[in-house]
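Structural description and commentary
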Amino acid sequence: MAYIKINRSNLIHNLSQIALKAGSVNKIAIVLKDNAYGHGVGKIAKIASNFGITKAVVRNYAEAKEIEELFDDIIVLGGAIIPSPKLSYAINSIEKLISCPNDTRIELKIDTGMHRNGIALDELQIAIGMIKDKNIDLVGVMSHFASADELGSEYFYQYKNFQNVKKIINEYGFDNIRFHIHNSAGILRTKEFKEDLVRLGIGAYGYNPMDSAFENVELKPVMSLFAKKVSSRMLLAGQRVGYGGEFTAPKEITVSTYDLGYGDGWRRGDIKQPYITPSGKEILGRVSMDFITLEGDKEEVCIMEDANATAKHFGTISYEITCALHANINRTIVDA
Ligand SMILES: *Cc1c(COP(=O)(O)O)cnc(C)c1O
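Residues numbered from 1 in each chain as written. Predicted model: local features only at pLDDT ≥ 70, side-chain atom pairs only at ≥ 80, totals over all residues. Heavy atoms only, no water.

**Quick look at the site of the ligand**
Near the ligand there are 13 residues, and of these Lys 33, Tyr 37, Ser 184, Ile 202 and Tyr 319 occur at the shortest range. At 2.8 Å, a side-chain N or O of Arg 199 approaches a nitrogen atom of the ligand. Residue Ile 202 places a main-chain N or O atom 2.8 Å away from an oxygen atom belonging to the ligand. Coverage of the ligand by the protein chains reaches 92% of its 390 Å² of free accessible surface. In terms of residue class, the shell around the ligand is made up of 5 nonpolar, 4 polar and 4 charged. (Near = heavy atom within 4 Å. Polar contact = N/O pair within 3.5 Å; in protein donor to acceptor, adjacent residues only side chain to side chain. Areas by Shrake-Rupley, 256 points an atom, 1.4 Å probe, with all protein chains shown as cover. Nonpolar A, V, L, I, M, F, W, Y, C, P; charged D, E, K, R; others polar.)

Shown next as structure tokens:
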């Protein structure tokens with residue numbers, strides 16, 4: 001069976017780097033949504049919790065339930081609201097606030113410029129009125145950067161809007177509110193982190209999303225992907241491999257089939273640009289649902305060790321590559 005190695009030392013390295021930037025491990029909320037970006041939520045949650053992280057971010061209530069015992073404080077980004085002492089729900093609109101049960105713990109999300117989610121700045125007053133009327137427990141106020149990873153003014157514009165929101169919220173007499181807008185890119189570009197929390201996703205998993213113009217913090221990929229040999233055969237010159245016979249052996253070669261395919265969430269890709277494994281082996285011909293073919297007859301081959309490099313090849317981002325790998329692929333923890 002194809003499998004994924006989760007490198008615990010690398011995960012701890014990344015968390016340490018970010019804790020240094022943030023000033024404290026208490027300021028990290030690790031983002032575990034979507035099976036911990038495909039890394040396997042149970043394993044990542046345990047390592048992070050052992051490291052001392054007490055806060056997590058998930059997509060919905062079901063994800064929160066899976067990790068609830070390991071954390072003190074879980075931010076739920078969406079889905080149905082089921083009030084629970086450890087959970088606080090991101091509220092993205094006035095409608096959601098209206099339907100929110102009394103006494104729910106919430107993180108009010110403000111649209112500071114990304115225009116994906118959150119209430120508008122000019123709805124803030126209405127929202128605060130409702131929170132007070134309904135006795136909703138305002139735990140935090142949050143926003144999200146649209147382009148913290150790029151050079152340009154957008155980041156500063158959103159950050160300034162957010163500072164303004166802070167001022168308004170404080171003027172309404174709320175205290176003990178946590179404010180958070182930073183994601184991985186946000187904290188990686190920050191020289192002096194003054195916020196209450198960073199919602200750390202991709203950085204924990206070892207990918208630095210930043211434009212190369214920024215100071216580089218070394219992060220180490222946590223995931224590597226391996227496939228196992230199913231069978232081997234010898235091809236004569238001119239014999240072709242796989243669907244459509246897209247690869248033709250130029251000479252006599254040994255090839256083997258390995259047990260990974262697009263059915264596992266691996267990319268089928270563009271046949272004109274074959275994928276090359278970290279050890280330099282080209283995927284020969286088409287990727288099948290459950291198989292790929294490589295030259296040689298090794299029992300096991302590393303298919304990916306850096307999702308960022310893989311993403312570049314496929315014209316996408318590391319997030320999409322790791323998230324796509326199915327939850328039923330076995331994940332094993334290694335210390336290296
Ligand atoms: C996914 C997500 C994050 C994490 O972003 P990264 O770029 O992976 O660090 C932070 N905040 C919110 C609201 C998110 O949805």
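On we go.
**Observations concerning the nonpolar core**
Counting 95 residues, the largest nonpolar core has Ile 30, Leu 32, Leu 108, Trp 266 and Ile 303 as its most contacted members. Both domains that furnish three or more residues to this core are identified here as domain 1 (7–205) and domain 2 (223–305). Apart from residues lying up to four places away in sequence, Leu 108 is in contact with Ile 91, Ile 119, Leu 124, Ala 127, Ile 131, Leu 138, Gly 140, Val 141 and Met 142. Judged by nonpolar contacts, the second largest core, of 7 residues, contains Leu 235, Val 241, Ala 249 and Ile 253. (Core = buried A, V, L, I, M, F, W, Y, C linked by side-chain atoms within 4.5 Å. Buried < 20%, exposed > 50% of the residue type's maximum accessible area, 1.4 Å probe, protein only. Domains from an automatic or database assignment. Contact = heavy atoms within 4.5 Å.)

**Regarding the pattern of salt bridges**
Counting across every chain of the model gives 8 salt bridges. When the shortest N-O distance is used, the salt bridge between Asp 73 and Arg 178 registers 2.6 Å. Taken together, the residues span a long stretch of sequence, with Asp 73 in strand β4 (residues 73–76) and Arg 178 in strand β8 (residues 178–180) at a distance of 105 residues. Residue classification places Asp 73 among the buried positions, given a relative accessible area of 13%. Overall, the relative accessible area of 11% leaves Arg 178 in the buried class. One network of salt bridges, with partners in common, ties together Asp 73, Glu 107 and Arg 178. (Salt bridge = Lys/Arg side-chain N within 4 Å of Asp/Glu carboxyl O. Helix = DSSP H or I, 4+ residues; strand = E, 2+ residues; numbered from the N terminus.)

**Describing helix α6 (residues 124–134)**
Buried residues of α6: Leu 124, Ala 127, Ile 128, Met 130, Ile 131 and Lys 134, and no others. The buried residues of α6 all sit within an arc of 160° when viewed along its axis, so they share a single face. With respect to the buried face of α6, the exposed residues turned more than 90 degrees away are Gln 125 and Asp 133. Those residues of α6 hidden inside the fold are in contact with α5 (94–99), β6 (105–109), β7 (137–142) and α7 (154–171). With its phi angle positive at about 60°, Asn 135 sits one or two positions after the end of α6. (Arc of directions from axis to C-beta.)

**Comments concerning the packing of aromatic side chains**
The final tally for this structure, using the stated rule, is 10 aromatic pairs. Between Tyr 155 and Tyr 159 the ring centres are 6.3 Å apart and the planes differ by 5°, which places this aromatic pair in the stacked class. A residue pair is termed a helical-turn pair when its members lie 3 or 4 positions apart in one helix, as Tyr 155 and Tyr 159 do in helix α7 at 4 residues. For Tyr 155, a relative accessible area of 8% translates into the label buried. Taken together, the aromatic side chains of Phe 145, Tyr 155, Phe 156 and Tyr 159 make up a single cluster linked through ring pairs. Above the face of the Tyr 155 ring, Arg 189 is positioned so that its terminal group lies 3.8 Å from the ring centre. (Phe/Tyr/Trp six-rings, centres within 6.5 Å; stacked < 30°, edge-to-face > 60°. Lys NZ or Arg CZ within 6 Å of the ring centre and 35° of its normal.)

**As for the sheet that holds strand β2 (residues 28–31)**
The sheet built from 8 strands is open, its strands ordered β8-β7-β6-β5-β4-β3-β2-β9 with parallel pairing. A strand with exactly one partner marks an edge of an open sheet, and here the two such strands are β8 and β9 (198–200). Strand after strand, the sheet turns through a mean of 30° between neighbouring axes, direction not considered. In the packing of α7 onto the sheet, the strands contacted are β7 and β8, and the crossing angle to β8 comes to about 165°. (Pairing = 2+ DSSP bridges. Axes fitted to C-alpha atoms, helices over the stretch in contact; angles between N-to-C directions.)

**Points about the pairing of β7**
For β7, a buried count of 5 out of 6 residues is recorded, marking the element as mostly surrounded by other parts of the structure. As defined by bridge partners, β6 adjoins β7 across 5 bridges and the pair is classed as parallel. Its bridge partner being in β7, Glu 107 is matched across the sheet by Gly 140. Following the chain from β6 across α6 to the adjacent parallel β7, one finds a crossover that is right-handed. Here β7 pairs with β8 via 3 bridges, running parallel. (Right-handed = clockwise from strand over helix to strand, strands pointing away.)

**Remarks on the domain arrangement of the protein chain**
Annotation of the protein chain at the domain level lists domain 1 (7–205) and domain 2 (223–305). Each of domain 1 and domain 2 was reduced to a C-alpha centroid, and the two centroids are 41 Å apart.

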